[in-house]
Amino acid sequence: ENEGMKAKKYLWSIICVYFCYLTHGIQAIILSQNNVNFAKQWGFNMSDPQSAAYAAGLAAVSTAVAWTGFGKFVSVWIGGEISDRVGRKKLMIGGAALYIICFLGFLFTKSALVASVCGFASGVATSGFWDASGYPAVQEAYPAAIDESGVDIVSQPTVDVVQLEKGKPFIFTAEVAKRPEVKLGKYNGVTVTKIDTSVSDEEVAEALERERNNNARTVTVTDRPVAEGDTAVIDYEGFVDGVAFEGGKGENHPLEIGSHSFIDTFEDQLVGKNTGDEVEVNVTFPKEYHAEDLAGKPAVFKVKINEIKTKELPELNDEFASDVSEFETLEEYKESVKKNLEETKENNAKRTKEDEAIKKIIEKSEMEIPDAMIESQVQNMIQEFAQRLAQQGLSFDQYMQFSGMTMDKMKEQVRPEALTRIQSSLVLEQIAKEENFEITEDDVNAEIEKMAKAYGMEADKLKEYVGDDEKESMKRDIAIEKAVQFIMDNVKERAKAKTKKEKEAEVAANAEA
């Protein structure tokens, strides 16, 4: 009976918390999928994606998002101390009320400045008035509880607040996934497919041709029409049912004919046209097009060809070889290209055989992977992808908008790879454990020296920044590397079975000889 009363007493508090997170999630979705609409609402001209106004509008939305993050950062820093003074419950209720006000302000304001203020305040509301009020206690108690339990945790905790009231102990539960047990199948003497790593003269010729294309000059064509492989510099504007649509206009856009970067047969319809021609291009948007209002609809693009450009390839001779390499003659350069191709093939073959061997070991092993463990790996992979996008100058939200991808679709897409990574890691760690691989201090020092070389640092200097946790992580990685090496030292290679077609071709070739 007491537990039932306690649950009712704190139910409103928990509902308040989840409501804060729900609205925060809604805001993130609205921002990521409607940034152009918000920029329009704030007074920016978003009719031309190539214009400075369009870029300024997107920058304004990004600024509002950045202020949200800044509000979260600032309030987390001071929120815990404030909650100790006024009480966690009051701070949480105040946070919910402030968030709702800021959320509505964000939706309806006509000013980018007001939106940024609302974003900052909403960040304060969620982080300072919830995370910082409830989380310090979790952060203090959770590690101690894990150490006490002795459980090997492999996921982020799902925290459920049981008691949250001023003057009383903060009580919560943390649900986690623990590392699954692995029953290994056969891992010594696994059979893998033998891979031919020889390099043919044709492959060398293809590599040389790629290098010629990489070093080609772009020249303007004036004496002929557009041909496959040319770059047509065009102005264009698209119309559906006679009405121009948003994002369908561009000026001096360089379009490589044959790249299929434009929809349907757009590029094909420019072949044979001359500089100065004005062309009507008839196309149909794909049924799965990311803009739902255009998906599956026929469209007409009015196109003007401003310029035709083509690549002029350098002649394949000694001069070319000395320009693109350290070698003086073409023959020396060819030998270098062949050697590099062989090394690439050997490295690829090594990885392919490793993957095949590990896959076979996984198939013969037994383990039950918790969903929470897979979900954590999925989140890590998506974060890694977002970081790679950022390095290329593209935000994750922009990628999601341009590709028409949703978070659920992306999670579904990476989930099989996430599961494979987990299974691989678990079986390799178990092999290392069963084979009792010894990881010495020399192994760790060698790894630090490799890292120092990669970062351009002195090894002794890097060692100062490597703590015990980092060393333990290195030891786990080294153990996995040793497990892989053990597997590959003991594999049995066999030639790939020939298909019926390959056998018939071989018989025909022998008959001709």
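My aim in this report is to walk through the structure given alongside it, one point at a time. (Residues numbered from 1 in each chain as written. Predicted model: local features only at pLDDT ≥ 70, side-chain atom pairs only at ≥ 80, totals over all residues. Heavy atoms only, no water.)

1. Brief notes about the packing of aromatic side chains
Scanning the model with the defined rule gives ten aromatic pairs in all. For the pair F245 and F301, a centre-to-centre distance of 5.9 Å together with 85° between the ring planes defines the contact as edge-to-face. One end of the pair, F245, is in strand β6 (residues 243–256); the other, F301, is in strand β8 (residues 298–312), and 56 residues separate them in sequence. For F245, a relative accessible area of 15% translates into the label buried. (Phe/Tyr/Trp six-rings, centres within 6.5 Å; stacked < 30°, edge-to-face > 60°. Helix = DSSP H or I, 4+ residues; strand = E, 2+ residues; numbered from the N terminus. Buried < 20%, exposed > 50% of the residue type's maximum accessible area, 1.4 Å probe, protein only.)

2. Focus on the pattern of salt bridges
Considering all chains together, one arrives at 19 salt bridges under this definition. Close ionic contact of E312 with R217 constitutes a salt bridge, the shortest N to O distance being 2.2 Å. Here R217 lies in strand β4 (residues 217–221) and E312 lies in strand β8, a separation of 95 residues in the sequence. With its nearest N and O atoms 3.5 Å apart, the salt bridge here joins R415 to D371. Highlighted residues: R415 in helix α11 (residues 407–434) and D371 in helix α9 (residues 371–391), separated in sequence by 44 residues. Using a relative accessible area of 33% as the deciding quantity, one classes R415 as partly exposed. When its relative accessible area of 56% is taken as the criterion, D371 is described as exposed. (Salt bridge = Lys/Arg side-chain N within 4 Å of Asp/Glu carboxyl O.)

3. Points about the pairing of β8
Taken together, the five bridges between β4 and β8 define a ladder with antiparallel strand orientation. By the bridge assignment for β8, T220 is matched with K309. Where strand β5 (residues 231–240) and β8 come together, nine bridges link them in antiparallel fashion. Bridge pairing links T231 to K309 in β8. (Pairing = 2+ DSSP bridges.)

4. Observations regarding unusual backbone geometry
A positive phi angle, close to 50°, is found at N252, a residue other than glycine. Summarising the element assignment, N252 is placed in strand β6. Positioned with a positive phi, H260 is a non-glycine residue whose angle comes to about 60°. Note on placement: H260 falls in the loop between β6 and β7 (278–284). By relative accessible area, H260 is classed as exposed at 60%.

5. Some details on the environment of R224
In this structure, R224 sits in the loop between β4 and β5. Along the primary structure R224 and K273 are separated by 49 residues, whereas in three dimensions their C-alpha atoms are 8.7 Å apart. Leaving out residues up to four positions away in the same chain, R224 has contacts with D230, N274, I308 and T310. A polar atom in the side chain of R224 sits 2.7 Å from the side chain of D230. (Contact = heavy atoms within 4.5 Å. Polar contact = N/O pair within 3.5 Å; in protein donor to acceptor, adjacent residues only side chain to side chain.)

6. Let's talk about a negative patch on the surface
A surface patch of like charges, here negative, comprises E228, E256, D264 and D268. Note on placement: D268 falls in the loop between β6 and β7. Residue D268 is classed as partly exposed on the basis of its relative accessible area of 43%. (Patch = residues over 30% accessible without salt bridge, like charges linked within 9 Å, V, L, I, M, F, W, Y side chains within 5 Å. Areas by Shrake-Rupley, 256 points an atom, 1.4 Å probe, with all protein chains shown as cover. Lys, Arg positive; Asp, Glu negative; His and termini not counted. Charge placed at Lys NZ, Arg CZ, Asp CG, Glu CD.)

7. A word on the pairing of β5
The buried fraction of β5 is high, at seven of ten residues. Pairing between β5 and β6: eight bridges, direction antiparallel. Bridge assignment links V240 to a residue of β6, and that residue is V243. Where β5 hands over to β6, the hairpin turn is made up of two residues, of which D241 adopts a positive phi near 55°.

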